[in-house]
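# Fold and geometry: a report
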Amino acid sequence: MVEVVYPQKDGKPVRVDLRDPYWAAFLAWLWPGAGHFYQRRYGKGFLFMICILSIFIFGMFLGRGRVVYASFDRGDFRWQYICQLGAGLVALPAIVQAIKTKDGGDPFFVLCQRYPEGSGMGKSFTKIPPDIVDSGMGMPRNTYKDGFMAPPAGPIDQNEVDVLGMWHFEMEHMFEMGTLYCVIAGLLNLLAIYDAFTGPAIMTAEQKEKAEAKKKKKSSTSNDI
Amino acid sequence: MIVTDLIEILPLADSIAKIWYALPLVVVVSLVYGATRHEYLHEILTQSYRSLIWVTGFMAIIFAVIFVAGYWN
């Protein structure tokens, strides 16, 4: 058990029981707020959970389930996923999908199917209407499947029209916005993990006194001018 | 003259609508930052409010600078 105490100038000192900080930090990564629940800091646990998960889910909603995916190929190095992984368990299905689709396999939770049309810059990956997919009548042989949290199917090349390009085209700015929301959710959870591991960065009485003295000094010099 | 000016700034109205997407982010970032600096709810909310004002003000300044810079074209 680890307890940190923050002495205060006036009133009671703030005491925070961190229990096992390593375990708390792991839980905080796994599920935003879980580390704080383990430390019995329920208010902060709820705050972190609601804030972080809500923007992650909202980001996924904006990006129609496609903005969190793990791909580290040459053509599509998804560095944003490294930040999104900070949100923990909610970002992990992307790894399962990446493994599943690695050698051209179909993803779990197929959102839609596409087939390539045209060639060169006029090429596009048109969505196959759901009724054709359901009936199977007139279905093309080789389709590209969009999966929930799965990387874009087919080869990705910045100089060619590809499925990733179609996502940007169809969702416009929402793709970037959704990506940003999920990235920020992951990064904010790093702050929550830090808080679970070391406790809050509360100013000690000594630091507060120094800050107040600095403020006073500043205001007196500005008054002199 | 006024009509052509209005038509010219119409795309800006679309961009301003996109700024609303920043609001939930700013609120959440302020709350989480406040929570890492304090332990009790009242202090967290006070710190969050200060951070919210600071971030919004900073964004407003950046917006103003970019907006004014657009006139140099």
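Quick caveat: nothing in here was measured; it's all calculated off a predicted structure. Think of each chain on its own: its residues are numbered from 1, step by step along the sequence as written. Here every chain gets a letter starting at A, and every ligand a number starting at 1, in the order they are written. For this predicted model, a pLDDT threshold of at least 70 governs which residues receive local features, and a threshold of 80 or more governs which side-chain atom pairs are given and counted, while totals over whole chains, interfaces and linings are taken from all residues.

## Remarks on the sheet that holds strand S3 (residues 110–117) of chain A
Residue and element names in this part refer to chain A. Strand order in this open sheet of three strands is S4-S3-S5, and the pairing throughout is antiparallel. Looking along the sheet, the strands with just one partner apiece sit at the ends: strand S4 (124–127) and strand S5 (144–147). Pairwise comparison of adjacent strand axes, ignoring direction, gives a mean angle of 40 degrees for this sheet. A pair of strands is considered paired only if DSSP assigns at least 2 bridges between the two. Numbering goes from the N terminus for both helices and strands, where a helix is a DSSP run of H or I of at least four residues and a strand is a run of E of at least two. Inspection of the sheet shows S3 paired to S5 by four bridges, in the antiparallel sense. Counterpart to glutamine 113 in the pairing with S5 is lysine 145. As a rule, the C-alpha atoms of each element are fitted with a line to give its axis, helices using only the stretch in contact, and angles between N-to-C directions run from 0 to 180 degrees.

## Here's the deal with the interface of chain A and chain B
Counting residues at the interface gives 21 residues for chain A and 15 residues for chain B. Broken down by secondary-structure element, the contributors of at least two residues to the side of chain A that touches chain B are strand S2 (14–19), helix H3 (42–62) and helix H8 (173–198) of chain A. Residue contributions to the side of chain A that touches chain B peak at nine residues, all from H8(A). Of the residues assigned to the side of chain A that touches chain B, the class counts are 17 nonpolar, two polar and two charged. Our contact criterion uses C-beta atoms placed from the backbone: two residues qualify when those atoms are within 7 Å. As a working rule, the residues Ala, Val, Leu, Ile, Met, Phe, Trp, Tyr, Cys and Pro are called nonpolar, Asp, Glu, Lys and Arg charged, and the rest polar, with Gly in that last group.

## Considerations on the pairing of S3(A)
Each regular strand displays side chains that alternate between the two surfaces of the sheet. Residues and elements named next belong to chain A. Alignment of S3 against S4, held across four bridges, turns out to be antiparallel. Paired with glutamate 117 across the bridge in S4 is serine 124. Linking S3 to S4, which pair antiparallel, is a turn of six residues; within it glycine 118 sits at a positive phi near 70 degrees.

## What to know about H8(A)
With 26 residues, H8(A) extends 38 Å from end C-alpha to end C-alpha; this agrees with the ideal 38 Å at 1.5 Å per step. One or two residues past the end of H8(A) sits A:Gly199, with phi positive at roughly 90 degrees. Given a helix with a known number of residues, its expected span is that number minus one, times 1.5 Å.

## Section: the confidence of the model for chain B
As a per-residue quantity, pLDDT reports the predictor's confidence and falls between 0 and 100. Residues of chain B with pLDDT of at least 70 account for 84%, and the chain-wide mean is 86. By mean pLDDT, helix H1 (residues 2–19) of chain B is the weakest element of chain B at 70, and helix H2 (residues 22–37) of chain B is the strongest at 95.

## Focus: unusual backbone geometry
Residues and elements named next belong to chain A. The phi angle at arginine 19 is positive, at roughly 50 degrees, despite the residue not being glycine. What makes arginine 19 partly exposed here is the crowd of 16 C-beta atoms within 10 Å. Even without glycine at this site, arginine 40 takes up a positive phi of about 65 degrees. With respect to the secondary-structure elements, arginine 40 resides in the loop between helix H2 (34–38) and H3. Residue classification places arginine 40 among the exposed residues on the basis of 9 C-beta atoms within 10 Å. Counting other C-beta atoms within 10 Å of a residue's C-beta gives its exposure: the residue is buried at 20 or more, exposed at 12 or fewer, and partly exposed in between, where C-beta atoms are placed from the backbone.

## Some thoughts on the nonpolar core
As used here, a nonpolar core is made of buried Ala, Val, Leu, Ile, Met, Phe, Trp, Tyr and Cys residues. They are joined through C-beta atoms within 7 Å. Formed by 43 residues in total, the largest nonpolar core has its most connected members in A:Ile52, A:Val68, A:Ala185, A:Leu188, A:Ala192 and B:Val32. Of all elements in the fold, only helix H1 (21–30), H3 and H8 of chain A together with H2 of chain B reach the threshold of two or more residues within this core. No other element matches the twelve residues that H8(A) contributes to this core.

## Details of the packing of H3(A) against H8(A)
Between two packed helices, the angle of one axis relative to the other and the distance separating the axes together describe the packing. All names here are of chain A. In the contact formed by H3 and H8, the axes pass within 7 Å of each other and the chain directions differ by 160 degrees. It follows from the interaxial angle that H3 and H8 lie roughly antiparallel. The way H3 lies across H8 gives a crossing that is left-handed. Contact residues: Phe48, Ile52, Ile55, Phe56, Phe58, Gly59, Met60 and Leu62 in H3; Met174, Met177, Gly178, Tyr181, Cys182, Ile184, Ala185, Leu188, Asn189 and Ala192 in H8. A class-by-class count of the residues in the contact of H3 with H8 yields 15 nonpolar, three polar and no charged. Note that the term roughly parallel is reserved for angles under 35 degrees, roughly antiparallel for angles over 145, roughly perpendicular for angles of 65 to 115, and oblique for everything else. In this scheme, a crossing is called left-handed if the near helix is turned counterclockwise away from the far one by less than a right angle; it is called right-handed if the turn is clockwise.

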